[in-house]
Amino acid sequence: MATQHESSRLRSEDATEYLNKHRVLDLFNSLTAQLIYKRPDDPKVFLIETLENLQKSRSTKVNYPCLFDESNIQAVFGMLDPTGRGFITVKQYQEAMITLGAKDYDQSPHGSDIDRINLDTFTRSAKLGLANASATFYEG
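Residues numbered from 1 in each chain as written. Predicted model: local features only at pLDDT ≥ 70, side-chain atom pairs only at ≥ 80, totals over all residues. Heavy atoms only, no water.

### Topic: the nonpolar core
In this structure, Ile88, Tyr93, Met97, Leu100, Ile117 and Phe122 are the most contacted members of the largest nonpolar core, which totals 15 residues. In terms of residues, this core owes the most to one element, helix H5 (residues 90-100), which gives five residues. Filtering out sequence-adjacent residues up to four positions away, Met97 remains in contact with Ala102, Tyr105, Phe122, Ser125 and Ala126. (Core = buried A, V, L, I, M, F, W, Y, C linked by side-chain atoms within 4.5 Å. Buried < 20%, exposed > 50% of the residue type's maximum accessible area, 1.4 Å probe, protein only. Helix = DSSP H or I, 4+ residues; strand = E, 2+ residues; numbered from the N terminus. Contact = heavy atoms within 4.5 Å.)

### With respect to the confidence of the model for the protein chain
Taken as a whole, the protein chain shows an average pLDDT of 83; of its residues, 86% reach a score of 70 or greater. Looking across the protein chain, the model is least confident in helix H3 (residues 43-60), with a mean pLDDT of 81, and most confident in strand E2 (residues 117-118), with 97. (pLDDT = per-residue confidence, 0-100.)

### Observations concerning the packing of aromatic side chains
Two aromatic rings, taken as a pair, are described by how far apart their centres are and by the angle between their planes. Following the criterion strictly, the structure yields three aromatic pairs and no others. When the centroid spacing of 6.0 Å and the interplanar angle of 80° are considered together, the rings of Tyr93 and Tyr105 count as edge-to-face. With a gap of 12 residues between them, Tyr93 in helix H5 and Tyr105 in the loop between H5 and E2 connect regions that are remote in the sequence. Each member of the pair, Tyr93 together with Tyr105, is buried. Relative to Phe122, the ring of Tyr93 has its centre 6.3 Å away and its plane inclined at 75°; by these criteria the two rings are edge-to-face. Here the residue Tyr93 occupies a position in helix H5, and Phe122 occupies one in helix H6 (residues 119-134), the gap between them amounting to 29 residues. Neither Tyr93 nor Phe122 differs from the other in exposure class; each is buried. Among the aromatic residues, those joined into a cluster by ring pairs are Phe77, Tyr93, Tyr105 and Phe122. (Phe/Tyr/Trp six-rings, centres within 6.5 Å; stacked < 30°, edge-to-face > 60°.)

Structure below.
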């Protein structure tokens, strides 16, 4: 027979598994980050609208709510390529994806074989990785 401690541990593990499976913590983290970044006058209305947009995005697979737009992604690339060579290294690319919070992005994008990732490849991968990170719902 399970002790009270074991039973409590199993409930906790079950709850954690549920939250991870349904990406609930990812959703709350995303909503909190957007609230802090955008600082809307009416946070409750903003949250409702953001959740509605997320629901629409789930069915259309586009326009996931995200903090970064293309100009932000290009600015990150520019910071990594301050001399304007037109490319960054694979290591810079991977570190940028982690810093941006991208998820399930291409680990070996076009140009990685010669250690040169250009802006188009970086932007495409970042947008996809950010969309994956912003799609804070369970696809079961």
